[in-house]
Amino acid sequence: MGNAKSSAMSKEILEDLKLNTKFSENELSQWYENFQKQCPSGRITPDEFKKIYERFFPESDATSYAQHVFRSFDQNDDGTLDFKEYIIALHMTSTGKTERKLEWAFSLFDVDKNGYITKSEVAEICQAIFKLIPKDEQENLPADENTPEKRADKLWSFFDKKDNGEVKSSSEPLEWAAH
Ligand SMILES: [Ca+2]
Ligand SMILES: [Ca+2]
């Protein structure tokens, strides 16, 4: 009871992750080992997370997108990602089922976490996504989505909106947007 070495993943977390992701026990152990090496504290800070994104997007400004993605994966709102949140994040963005990806995309766009997406939230995320696109590629975008504003308008027009102009549940345009 409670005497597991700090270097081993707890059985509880392992079982939970096996149930909720497609990763095998071996894969999860491997991820855990890597996670411990890169992150001895056991928690990823927003700054570390940003650095991971900067490696993936060396030509562009990933700062605000990384912040939004971090927020959407910090399920318990404590300002860090633990191993479980990190694995769920990995799973969601790589091998997750469509409905799980939609859930994630919804939380990405729901900036204030109130359960609704508003047009200004769509605009904010579109701004962040746009900054990921290198400058020379921005020039080659189709005329109807070559600015963050146009992208936000286009995405917003896809949503099945309620009378108050808010989007409640996950809907397909989110999948398009999250790619
Ligand atoms: Ca957390
Ligand atoms: Ca909201």
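Given the structure is predicted, the values throughout are model-derived calculations rather than measurements.

**With respect to the overall build of the chain**
- Scanning the chain from terminus to terminus reveals ten helices and zero strands.
- Along the chain, helices and strands appear, N-terminal first, in the series α-α-α-α-α-α-α-α-α-α.
- Split into buried and exposed, the 179 residues of the chain put 23% on the buried side.
- Within the chain, contacts between residues at least 6 apart in sequence are counted, and of these 57% link residues at least 24 apart.

**Things to note about the packing of helix α3 (residues 46-56) against helix α4 (residues 63-73)**
- Axis separation between α3 and α4 bottoms out at 9 Å; the angle between their running directions is 125 degrees. With respect to their mutual orientation, α3 and α4 come out oblique. In this structure, the crossing between α3 and α4 has a hand that is right-handed. Residues Pro-46, Phe-49, Lys-50 and Tyr-53 of α3 form the contact with α4, whose own contacting residues are Thr-63, Tyr-65, Ala-66, Gln-67 and Phe-70.

**Observations concerning the environment of Glu-145**
- By the element assignment, Glu-145 lies in the loop between α8 (135-138) and α9 (148-158).
- Accessibility expressed as a C-beta count within 10 Å gives 16 for Glu-145, which makes it partly exposed.
- Between the C-alpha atom of Glu-145 and that of Leu-155, which follows or precedes it by ten residues, the distance is 9.7 Å.
- Setting aside chain neighbours within four positions, we find Glu-145 in contact with Lys-150, Arg-151 and Lys-154.

**Quick word on unusual backbone geometry**
- With a phi angle near 60 degrees, Asp-77 is a residue other than glycine that sits in the positive phi range.
- With respect to the element layout, Asp-77 can be found in the loop between α4 and α5 (83-94).
- Given 7 C-beta atoms within 10 Å, Asp-77 falls into the exposed group.
- Despite not being glycine, Lys-113 has its phi angle at roughly 55 degrees, a positive value.
- As for its position among the elements, Lys-113 is in the loop between α6 (98-109) and α7 (119-131).
- Residue Lys-113 is classed as exposed on the basis of its 10 C-beta neighbours within 10 Å.

**Things to note about the nonpolar core**
- Ranked by size, the top nonpolar core spans 30 residues in total, and within it Phe-109, Val-122, Ile-125 and Cys-126 carry the most contacts.
- When contributions to this core are tallied by element, the ones reaching two or more residues are α4, α5, α6, α7 and α9.
- Per element, the largest residue contribution to this core is six residues, and it comes from α7.
- Each of domain 1 (13-104) and domain 2 (110-169) gives at least three residues to this core.
- Setting aside chain neighbours within four positions, we find Val-122 in contact with Phe-109, Ile-117, Ala-152, Leu-155 and Trp-156.

**Notes on α6**
- Over its twelve residues, α6 runs 16 Å from end to end, which matches the ideal 16 Å to within 8%, given 1.5 Å per residue.
- All buried positions along α6 are accounted for by Lys-101, Trp-104, Ala-105, Phe-106, Ser-107, Leu-108 and Phe-109.

**Examining the confidence of the model for the chain**
- Across the chain, the average pLDDT comes to 85, with 87% of residues at or above 70.
- No element of the chain has a lower mean pLDDT than helix α10 (residues 173-178), which averages 55, and none a higher one than α7, which averages 95.
- Scored below 50 in pLDDT, residues 1-5 makes one contact in the model with residues more than four places away or belonging to other chains.

Conventions and cut-offs
Residues numbered from 1 in each chain as written. Chains lettered and ligands numbered in written order. Predicted model: local features only at pLDDT ≥ 70, side-chain atom pairs only at ≥ 80, totals over all residues. Helix = DSSP H or I, 4+ residues; strand = E, 2+ residues; numbered from the N terminus. Buried ≥ 20, exposed ≤ 12 C-beta atoms within 10 Å, placed from the backbone. Contact = placed C-beta atoms within 7 Å. Axes fitted to C-alpha atoms, helices over the stretch in contact; angles between N-to-C directions. Parallel < 35°, antiparallel > 145°, perpendicular 65-115°, else oblique. Left-handed = near helix turned anticlockwise from the far one by under 90°. Core = buried A, V, L, I, M, F, W, Y, C linked by C-beta atoms within 7 Å. Domains from an automatic or database assignment. Expected span 1.5 Å × (residues − 1). pLDDT = per-residue confidence, 0-100.

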